[in-house]
Amino acid sequence: MRIFSKLAMLCLLLSATFFSTTNAQEVEISLDRNEVARGETVILTIRIYDQRQGMQLDLTPLTNQFDVLGTRTSSQIRSVNGAVEAWTDYVVTLFPLEEGELLIPSLDINGQTTDPISITVVNEGPRSNQSSKELFLEIETNKDSVYVQEQLLFTVRLHYTIAGIRNPQFTELEMEDSVIQLIGSPNQYDKLIDGVRYGVYEKRYVIFPQRSGPLQIPDILFRGEVTDGSSNFVFRNLNTRRVTAFIEGLTIDVKERPGSVQNTDFWLPVSGLTLEESWSTDISNLKVGDSVIRTITMTAEGLDGAVLPPFSDTKIDGLNLYPDPPQIERTFVDGAIVGTRIETTSMVPIDSGNVVIPEISIPWWNIDTDQLEATVVPATRLVIATVTGELPAEQTVASTENLEELLAQLPVVDQDMIDEQAQAEFIEVEAAWLNYAIAIAFIIVALSIYKLAIAGNRREIDAYLQQLKAQITARYSPENNERVAYKQLLQACGGNDLNNIRQTLIRWCDHYLDGRRVISMEDILQQTEAPELYQHIQSIQSALFQTDSEQSAAGSFDSRELLSLIARLRKEKQRLRKKHQREDLYTLPPLYKT
């Protein structure tokens, strides 16, 4: 029994010792200073006594107002007069994210809750945790005030003399009601300042404010790492330390639109805007059914191409228009953005005579002169010939051009002449018998011609007229005339009847393809003279034989692309035909006859 009593007493003593040891773990928390300047770091030390093993700390509550740059631990043991004392320090490097009175919140460590600690962050201008001669920030804008939606160029530069800076991080620009774009990749170069050579790390931005009023560019913070060249003996890891820098932001005045352009459709605040027009072929010799491509390029110095407005006409009398999707581009020239919008339209004349393409006028605000300007593409007048190449007469052209002026004029009435005619009772004719004689002679001649020349040859004349009519009809039928077949194909593509498009395409290909007779779509697929037609033929066939409705079938085939391709094929073949004709004209005959 004594043995059991002693064992029980020993267990109680061990439990008490363990309990006292557990409760003896005290936690202390301290800062290296309670007031810091913006851009500097502060060291938070968490000391846990009588800790023999490492532990994981939850530092999430600190991230609301601080950025945790790094942590490290150290353990120490000391003996004073036979009393052994041990503790572990957790050293946390914090970077304040705001100015003013900040609070390090309570932390829950080993079941104990620490007391909160206040810290004051003051703004003392641009600073870093290094010497200002070793590391400092600089920001720059090209203007102090801009118009709404005008480009603002913003640059941030880090100057340093410290070698081996790694993992550079800057505050990301985030501003409400603004479009922000980074210009290319960061630049790195050297710069001599007061006899000291600095390395420069530069980032450039373009900012488009979308609302008038003050635009606040936020404070810029820099964080990075620096190696000292040494390494840990055991793990061979390079020893690093954190470096930081800070600079206060700027306020830019964003002006609203000037009063003279408050209600205009276009608002383009740029330093320059140009419009360039080009044609794919000579527009002075166009005929009905020909295809010509018009390209207009708008270039704006100071705006992205995505915000440039559309400017091409969507409907012109006498022309069928087939616009392509616009081509949007954006480049940077000398640090400024240059936007481009290219609009391409295929035009097919459908009527002969005069066609006027209206002018294009784009108003824009010149930010250099602070004035409203406009860039204009003049109107273009086309004279369209018929399918056979006949041009309208000059009188017709003149009357067409002046038709509105003629219609606008009031008729001139000669009232005196009307009164004189009303007073006249009769008009005396002295040689009435001569008119009767001429009429009788004309009737006799007509009857004689009919009896002598027509009556006896009535059947031959009818047969000749029928033959002449058949020749004219055959000559201008789509089976024998390529231009008529092409015109029918243009009309068919303007509708949604795929069967009609299929038949007219077969007839036209029978004229175009010289190597074989074309009577079906399979004949087109088997030819090798124009393989570009394969894709369109397969699209038509697929659309015709699918089970959906006719509208959905027609929607799977793009007639504009087919017309554009056929126009290009006709133009190329005409060019080759003219080339062969010139070669045949100037080719010398063979020296020896065979």
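As a reminder, the structure under discussion sits directly above these lines.
Residues numbered from 1 in each chain as written. Predicted model: local features only at pLDDT ≥ 70, side-chain atom pairs only at ≥ 80, totals over all residues. Heavy atoms only, no water.

Scanning the protein chain from N- to C-terminus turns up 12 helices and 31 strands. In the protein chain, which comprises 594 residues, the share counted as buried stands at 34%. For the protein chain, the proportion of contacts with a sequence separation of at least 24, taken over those separated by at least 6, is 67%. For the protein chain, the exposed surface amounts to about 37,700 Å²; the carbon and sulfur share of it is 51%. (Helix = DSSP H or I, 4+ residues; strand = E, 2+ residues; numbered from the N terminus. Buried < 20%, exposed > 50% of the residue type's maximum accessible area, 1.4 Å probe, protein only. Contact = heavy atoms within 4.5 Å. Areas by Shrake-Rupley, 256 points an atom, 1.4 Å probe, with all protein chains shown as cover.)

A word on the pairing of strand β9 (residues 117–122). Burial along β9 is one-sided: Ile117, Ile119 and Val121 are buried, and none of Ser118, Thr120 and Val122, which face the opposite way, are. Here strand β2 (residues 35–37) runs beside β9; their pairing, made up of 3 bridges, is parallel. Opposite Val36, over in β9, you have Val121 as the bridge partner. Alignment of strand β6 (residues 100–104) against β9, held across 5 bridges, turns out to be antiparallel. (Pairing = 2+ DSSP bridges.)

Space left empty within the atom packing is revealed by a probe, the size of a water molecule, rolled over the atoms. One pass over the full model with this rule turns up 2 cavities of 30 Å³ or more. A volume near 100 Å³ is recorded for the largest cavity. Around the largest cavity, the lining residues are Lys287, Val288, Gly289, Asp290, Val387, Arg483, Tyr486, Lys487, Leu490, Arg570 and Gln574. Those elements that place two or more of their residues in the lining of the largest cavity are α7 (482–493) and α12 (559–586). When residues of the lining of the largest cavity are assigned to their parent elements, the largest contribution, 4 residues, is made by α7. In this model, the second largest cavity occupies a volume close to 60 Å³. Forming the walls of the second largest cavity are Arg294, Ile296, Ser312, Asp313, Ile316, Leu321, Glu343, Thr345 and Met347. At the level of secondary structure, the elements contributing two or more residues to the lining of the second largest cavity comprise β24 (292–301) and β27 (336–349). Per element, the largest residue contribution to the lining of the second largest cavity is 3 residues, and it comes from β27. When its residues are assigned to classes, the lining of the second largest cavity shows 4 nonpolar, 2 polar and 3 charged. (1 Å grid on protein atoms, 1.4 Å probe; cavity = no way out; pocket = protein on both sides within 12 Å on 5 of 7 lines; lining within 4 Å. Points joined across faces, edges and corners; volume = space filled by probe spheres on them. Nonpolar A, V, L, I, M, F, W, Y, C, P; charged D, E, K, R; others polar.)

Contact pair α7 / helix α8 (residues 498–512): the axes reach a minimum separation of 9 Å and the direction vectors enclose 155 degrees. Classed by the angle they form, the pair α7 and α8 counts as roughly antiparallel. Crossing of α7 against α8: the hand is left-handed. Contacts between α7 and α8 involve Glu482, Ala485, Tyr486, Gln488, Leu489, Ala492 and Cys493 from the former and Asn500, Ile501, Thr504, Leu505, Arg507, Trp508 and His511 from the latter. (Axes fitted to C-alpha atoms, helices over the stretch in contact; angles between N-to-C directions. Parallel < 35°, antiparallel > 145°, perpendicular 65-115°, else oblique. Left-handed = near helix turned anticlockwise from the far one by under 90°.)

Now for a nonpolar patch on the surface. Judged by side-chain polarity, Val445, Ile449, Tyr450, Ile454, Ile461, Tyr464, Leu465, Leu468, Ile472 and Tyr476 come together as a nonpolar surface patch covering roughly 910 Å² of accessible area. Secondary-structure elements contributing two or more residues to the nonpolar patch are α5 (432–454) and α6 (458–475). Take the nonpolar patch: its biggest share by element is 5 residues, from α6. Assignment of secondary structure puts Tyr464 in helix α6. (Patch = residues over 30% accessible without salt bridge, like charges linked within 9 Å, V, L, I, M, F, W, Y side chains within 5 Å. Salt bridge = Lys/Arg side-chain N within 4 Å of Asp/Glu carboxyl O.)

With that settled, consider unusual backbone geometry. Despite not being glycine, Asp177 shows a phi value in the positive range, around 55 degrees. You can see Asp177 is positioned in the loop between β14 (165–170) and β15 (178–182). Of note in this structure, Asp194 is not a glycine but carries a positive phi near 50 degrees. Positionally, Asp194 belongs in the loop between β16 (187–193) and β17 (196–209). In this structure Asp194 comes out as exposed when scored by relative accessible area, which is 77%.

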